Protein chains: 2
Amino acid sequence: MTNIKDVAKAAGVSTATVSRVLANTDVRVRPETRERVLKAISDLGYRPNLVARSLRVQKTAKIGLVVSDIRNPFFTAVSRAVEDAAYEEGYSVLMCNTDENPDKEALYLNVLHDENVAGVIFSPTHQFSERLNAYISNIPFVIIDRAVKSRNVDMVLLDNGPAAYDLTIHLIENGCRKIAGLFGNASTTGQERNRGFNKALKDNQLSPLATHFIPPRILQGYETALALLAQNEKPDAIFTSNSMLTAGALQAIRDAKLSVPEDIALVGFDETTWGALVEPPITVIAQPTEEIGRTATELLFQRIADPTRSPKTVILNGELHIRGSSIRQREQIHAN
Amino acid sequence: MTNIKDVAKAAGVSTATVSRVLANTDVRVRPETRERVLKAISDLGYRPNLVARSLRVQKTAKIGLVVSDIRNPFFTAVSRAVEDAAYEEGYSVLMCNTDENPDKEALYLNVLHDENVAGVIFSPTHQFSERLNAYISNIPFVIIDRAVKSRNVDMVLLDNGPAAYDLTIHLIENGCRKIAGLFGNASTTGQERNRGFNKALKDNQLSPLATHFIPPRILQGYETALALLAQNEKPDAIFTSNSMLTAGALQAIRDAKLSVPEDIALVGFDETTWGALVEPPITVIAQPTEEIGRTATELLFQRIADPTRSPKTVILNGELHIRGSSIRQREQIHAN
DNA sequence: TAATATAGTGTAAACGATTACATCACCATT
DNA sequence: AATGGTGATGTAATCGTTTACACTATATTA
């Protein structure tokens, strides 16, 4: 591969001059020298070696994106937004899936550190939240989706409590009284949404028919919902805290030959391709995934530029998208 | 940050010895020296700088993954498989979304080259297929999903023609005669699936009611399907070549107040979360995404290990998952 | 005219690892 | 006792950049 020395030789200048032309800053190079260098570069098809540059300047144009599973539609969408925002600034994105496993989280964070990434966008398990401080000092961080205890780090979060509250109130207003909740057990998000859920019920002199904290996977949602529906006292609504659980619950309702929303209402979090396509379409809290990803990336770049700037927490609002899965006719309400 | 010199000093040895301990190969170090070095490493919390190592050994433990859009469920699933397989070998994955844009493809390929990635897994647009040869010489490549002309590169593909053939035959066997096809216009995949589609029709003395090559996006699928359904001669089935188009078509059918499969059957490619959840569930060709990702990654590692080994093309089989969206009762068939 | 500023360029030292080669001590062989 | 082999370690070059500093030639100023 051709390197900067080859270019320097071809242009009859020193490597320093080539580098100065490359840098394209305000350092002055005589226009005619610059021309010669540029010609040599294009003649030789020279492209600077980014690894060498990174070593010298002690930073890379890469950021790490650490999430539990890219296949969760929420993270899919956020990833794409992060990649777009990073791309615009000339940064690349290293993708890391942790499967909610704290050891894998630690391992990836170490690798990213060793790779000298400029920063990390991270959605940690609640277990990891404790250990986080050890890492924050090393690398610029932005936490997304899941709050951590440390006040010492940038975060981009959803208004989980109020959103869950609104979603639950919506169910109550539609006549649901026996509401079961399915919450992810790996994140703080599940806990916060659970609190909003409980508060809404309490404010209406209700209490949850059942509350389950389970792994955020379709299968677990399915099995848990199926068990709920087999009980003597069946719920008249299921509230889910993420789209994997929603999908599982929906499948369970189908398999139990119940109909939505007549027999049972179903609501959840996160807009997905299928949420509007199923019959009836699902009422959800839509998260602004694009904005979350973009904001996180911008915050990260700000922190990279100024590591001492005081940390910010940006809280974005979920949007209640009311659809058929929760709209019960008056007769149905009275029938309860 | 502590570096190898600090460790050497702390252990009272040279950097060479530290490096030898780190390498952990068969190079012999006196056990008691090794102990001293390991102690120094752990005392100082030393972690080797991967950028420096990469520069010296002239290779990195990173691979690039270049796809059109990670939000396409097929690529989401493949990405995850690639990341898993890479992780097992200690490699990281750089994620690149090209939006079917050849310029963005070229740009990313250049960046990956400059980053000195060990290899690239790439799903190119058909436009790019021509330019590819310029890159193949530089970096180990594995092409996925979309065939390229060059016989000089590893590929992991689906048996698109036969799969589309089977899917079409299935429609015909279920009494469909006026079949319209929606195909992605960015990939060779769309073309190959179109050929299988046409052949199946021809073998049954039929011809397509309509054939559209359109951008692989939900909106385009929706609009095109809506137009089809507004025509005088309506199709009795829509065949789609990817899940974005399937979703769009389904929405269009819903909005046209037609019912599946009675008024119109719908089939497509790719298993998705929603495919089995909608009513009726959708008949699809399921691609073995996990196997595609894993095979591609393994092929890539083989090529990295031996750049001269002769290229392989692995063709995996799609699986026809028959569901309600294409099963018409006998009466319906006769009614046609 | 001498002193000084400035623009343009080159020299060489980093960055933090790996590794070819040299060195040294020790032991076995003749 | 001389020779050679071997095991353990150190020295220093190297990977391909960037950049502090030095240098030269020319322009500016007093």
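Along every chain, residues carry numbers that run from 1 in the direction the sequence is written. Each chain gets a letter, beginning with A, and each ligand a number, beginning with 1, in the order they are written. Per-residue local features of the predicted model are confined to residues with pLDDT of at least 70, and side-chain atom pairs are confined, for both listing and counting, to 80 or more; whole-chain, interface and lining totals are unaffected and use all residues.

1. What to know about the confidence of the model for chain A
Part 1 of the reasoning: What pLDDT expresses is the predictor's confidence in each residue, scored from 0 to 100. Looking at chain A, pLDDT values average 94 and 97% of them are 70 or higher.
Part 2 of the reasoning: C-beta atoms are first placed from the backbone for all residues, and any pair lying within 7 Å is then listed as a contact. Ignoring residues within four places in sequence, the model shows residues 331–336 of chain A, a span with pLDDT below 50, making eight contacts including any to other chains.

2. Some details on the relation of the copies chain B and chain A
Part 1 of the reasoning: Superposing chain B onto chain A requires a rotation of 180° together with a translation of 0.0 Å along the rotation axis, leaving an RMSD of 0.0 Å. Here the symmetry operator amounts to a two-fold rotation axis.
Part 2 of the reasoning: Of the interface residues in chain B, 97% have counterparts in chain A that sit at the interface too, so the contact is made through matching surfaces. The copies were overlaid by least squares, fitting only the C-alpha atoms of residues that reach a pLDDT of 70 or more in each copy.

3. So, the sheet that holds strand 2 (residues 92–97) of chain A
Part 1 of the reasoning: We call two strands paired when DSSP finds no fewer than two bridges between them. Secondary structure follows DSSP: runs of H or I at least 4 residues long count as helices, runs of E at least 2 residues long count as strands, and numbering of each begins at the N terminus. The strand order 11(A)-5(A)-4(A)-3(A)-1(A)-2(A)-2(B)-1(B)-3(B)-4(B)-5(B)-11(B) describes an open sheet built from 12 strands, whose pairing is mixed. One side of each edge strand has no neighbouring strand; the edge strands of this open sheet are strand 11 (313–316) of chain A together with strand 11 (313–316) of chain B. Mean inter-strand twist for the sheet, computed between neighbouring axes without regard to direction, equals 20°.
Part 2 of the reasoning: In terms of strand pairing, strand 4 (residues 141–144) of chain A meets strand 5 (residues 154–158) of chain A through three bridges, oriented parallel. The partner of Val142 of chain A across the bridge, within strand 5 of chain A, is Asp154 of chain A.
Part 3 of the reasoning: Each axis is a line fitted through C-alpha atoms, and for a helix only the stretch in contact is used; angles between axes span 0 to 180 degrees, taken between their N-to-C directions. Contacting strand 2 of chain A together with strand 1 (62–67), strand 2 (92–97) and strand 3 (119–122) of chain B, helix 6 (residues 102–114) of chain B crosses the sheet at an angle of about 180° to strand 1 of chain B.

4. Concerning the protein's contact with DNA strand C
Part 1 of the reasoning: Looking at DNA strand C, there are 28 residues lining it, with Ala16 and Arg28 of chain A together with Asn3, Ile4 and Ser19 of chain B nearest.
Part 2 of the reasoning: Per-element tally for the surface near DNA strand C: the top contributor is helix 2 (residues 15–23) of chain B, with six residues.
Part 3 of the reasoning: Gly is put with the polar residues, along with every residue not named as nonpolar or charged; the nonpolar set is Ala, Val, Leu, Ile, Met, Phe, Trp, Tyr, Cys and Pro, and the charged set is Asp, Glu, Lys and Arg. Its residues assigned to classes, the surface near DNA strand C shows 13 nonpolar, nine polar and six charged. To decide nearness, the C-beta atom of each residue is placed from the backbone, and the residue is near a molecule or strand if that atom lies within 6 Å of it.

5. What to know about the packing of helix 4 (residues 50–57) of chain A against helix 4 (residues 50–57) of chain B
Part 1 of the reasoning: Following both chains from N to C, one finds helix 4 of chain A and helix 4 of chain B inclined at 135°, their axes separated by 9 Å at the closest point. With respect to each other, helix 4 of chain A and helix 4 of chain B are oriented oblique. Seen from above, helix 4 of chain A lies across helix 4 of chain B with left-handed handedness. Note on element contacts: helix 4 of chain B touches helix 4 of chain A through Val51, Ala52, Ser54 and Leu55 of chain B, opposite Val51, Ala52, Ser54 and Leu55 of chain A.
Part 2 of the reasoning: Tallied by class, residues from the contact of helix 4 of chain A with helix 4 of chain B come to six nonpolar, two polar and no charged. The scheme is simple: roughly parallel for angles under 35 degrees, roughly antiparallel for over 145, roughly perpendicular for 65 to 115, oblique for anything else. For a crossing to be left-handed, the near helix must be turned anticlockwise from the far one by less than a right angle; the clockwise case is right-handed.

6. A short note on the interface of chain B and chain A
Part 1 of the reasoning: Taken together, the contact pairs 36 residues of chain B with 35 residues of chain A.
Part 2 of the reasoning: Secondary-structure elements contributing two or more residues to the side of chain B that touches chain A are helix 4, helix 5 (73–88), strand 2, helix 6 and helix 12 (243–255) of chain B.
Part 3 of the reasoning: Within the side of chain B that touches chain A, the residues separate by chemical class into 16 nonpolar, 13 polar and seven charged.
Part 4 of the reasoning: Pairing of strand 2 of chain A with strand 2 of chain B, which is carried by three bridges, proceeds in the antiparallel orientation. Counted as the bridge partner of Val93 of chain A is Met95 of chain B from strand 2 of chain B.

7. What about the protein's contact with DNA strand D?
Part 1 of the reasoning: Not every one of the 28 residues close to DNA strand D is listed here, only the nearest: Ile4, Ala16 and Ser19 of chain A together with Arg28 and Thr33 of chain B.
Part 2 of the reasoning: Every element with two or more residues in the surface near DNA strand D is listed here: helix 2 (15–23) and helix 4 of chain A together with helix 2 and helix 4 of chain B.
Part 3 of the reasoning: With six residues, helix 2 of chain A is the single largest residue contributor to the surface near DNA strand D.
Part 4 of the reasoning: Here the surface near DNA strand D is composed, by residue class, of 13 nonpolar, nine polar and six charged.

8. Observations concerning the sheet that holds strand 8 (residues 237–240) of chain B
All names here are of chain B.
Part 1 of the reasoning: Ordered in space as 7-6-8-9-10-12, the six strands form an open sheet in which the pairing is mixed. For this open sheet the edge positions go to strand 7 (210–214) and strand 12 (319–321), each flanked by a neighbour on one side alone. Taken pair by pair, the neighbouring strands of this sheet meet at an average axis angle of 15°, ignoring direction.
Part 2 of the reasoning: Pairing analysis gives four bridges linking strand 6 (residues 179–184) to strand 8, with the strands arranged parallel.

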